[in-house]
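The lines below spell out each chain.
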Amino acid sequence: IGILEKIIECSELTKDDCVIEVGTGLGSLTERLAQISGEVLTYEIDPILYQRTSKKLSYYSNIKFINQDFLEVDLLQTLTPFSKYSFKIVANIPYNVSTAILYKIVQTPIPWKMLVLMVQKEFGQKIIASPGEKKRVPLSVIFQMRFQVQQRFEVSRGSFRPMPRVESMVLKCLPRSGSLNIESINRIADLAQYLFKQKRKKISNILKPIIDPAILNATGFPIIKRPEDLTHLEWLKLIEILSKTKE
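Quick look at the structure, then. Quantities reported herein were computed from a predicted structural model and do not represent experimental measurements. The written sequence of each chain sets the order in which its residues are numbered from 1. It should be noted that, the model being predicted, local features are given only for residues of pLDDT at least 70 and side-chain atom pairs only at 80 or more, the latter also being counted only at that level, while totals for whole chains, interfaces and linings use all residues. Based on all heavy atoms of the structure, the side-chain values leave hydrogens and waters out of the count.

### Structural notes on the side chain of T78
Thought 1: Positionally, T78 belongs in helix 4 (residues 75-79).
Thought 2: With relative accessibility at 16%, the residue T78 sits in the buried group.
Thought 3: Identification of polar contacts relies on pairs of N or O atoms within 3.5 Å, with a donor-acceptor requirement for protein atoms, meaning one able to donate a hydrogen and the other able to accept it, and with residues adjacent in sequence counted only if both atoms are side-chain atoms. Within the structure, T78 has its side chain in polar contact with the backbone oxygen of D74 (distance 2.7 Å).
Thought 4: Two residues form a contact once any of their heavy atoms are found within 4.5 Å. Other than its neighbours up to four places away in sequence, T78 contacts L41, Y43, I66 and V73. The secondary structure listing takes helices from DSSP runs of H or I that are at least 4 residues long and strands from runs of E that are at least 2 residues long, numbered from the N terminus. Classification of residues uses two cut-offs on accessible area relative to the type maximum, computed with a 1.4 Å probe and protein chains only: under 20% is buried, over 50% is exposed, and between them is partly exposed.

Structure below.
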């Protein structure tokens, strides 16, 4: 089966789902989403593609075409009228803004039921990198705190016309049970950004200006680890320790 059908299969769509697509493009995925889900909200920033595809697929009453930058949209407000549905994102994420889009998804307090994202392979490898792996970045930390991320399949460049310069992969992301509140996610996001700026250093050295390494050590925190080595529980412990020192 083709890439499109594999993505659809991963998404496990029903008529109870409202699907958000980022980047309508020529609408081939959009049309398949509309055929199986309840509602589709599809964002396209390019006015020409928006006009063309919304006209081409005007037959479908359950597609809402939005000619806006996904990064600028107030998602909570947009999705409120659709609250009877479960929310899923199924999208071929535009490569040049992948990081910004994933931050927006993970930092918006919407109870996503599932994400199925096609991303550039190199970017996807960062998102799934485990603690201790060199490829880990701040986004891997918070994304994995909110979702269980699985690599489903790789997509070769030859699958597309015109052929892109990069290989892709499809990630399936399911919310973790008892998911963190958005406030904690945002605090960890800020802390990870700060620590990863000096990612070759040990935590004790990076945080020296903020907290005495001896105090940090006394809490049982592994101060000789580097930012990329920290586990989910250690990130949670660290924001807890730092918020206490602030008090």
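There is more to say after this.
### Re helix 8 (residues 182-196)
Thought 1: Between its terminal C-alpha atoms helix 8 stretches 21 Å, which fits the 21 Å expected from 15 residues at 1.5 Å a residue.
Thought 2: Burial in helix 8 covers these residues: I182, S184, I185, I188, A189, L191, A192, L195 and F196. Here the expected length of a helix is defined as 1.5 Å per residue gap, with one fewer gap than residues.

### Remarks on the packing of helix 1 (residues 3-11) against helix 2 (residues 28-36)
Thought 1: Between N-to-C directions, angles cover 0 to 180 degrees, with each direction set by a line fitted to C-alpha atoms, over the stretch in contact for helices. In the contact formed by helix 1 and helix 2, the axes pass within 11 Å of each other and the chain directions differ by 40°. One way to sum up the angle between helix 1 and helix 2 is to call them oblique. For the crossing formed where helix 1 meets helix 2, the hand is right-handed. On helix 2, the residues touching L4, E5, I7 and I8 of helix 1 are S28, L29, R32, L33 and I36. Throughout, the term roughly parallel applies to angles under 35 degrees, roughly antiparallel to angles over 145, roughly perpendicular to angles from 65 to 115, and oblique to all others. Each crossing is labelled by how the near helix is turned from the far one, with a counterclockwise turn of less than a right angle marking it left-handed and a clockwise turn marking it right-handed.

### A look at the sheet that holds strand 6 (residues 147-155)
Thought 1: Ordered by their spatial adjacency, seven strands build an open sheet running 3-2-1-4-5-7-6, and the pairing between neighbours is mixed. The open sheet has two free edges, formed respectively by strand 3 (63-66) and strand 6, since each of these has just one partner strand. Strand-to-strand twist in this sheet, taken as the mean axis angle between neighbours without regard to direction, amounts to 15°.
Thought 2: Looking at chain direction, strand 1 (residues 17-22) and strand 4 (residues 86-92) are connected through four bridges and run parallel. Across the sheet, V19 pairs through a bridge with K88, a residue of strand 4. Whether two strands pair comes down to DSSP finding at least two bridges between them.

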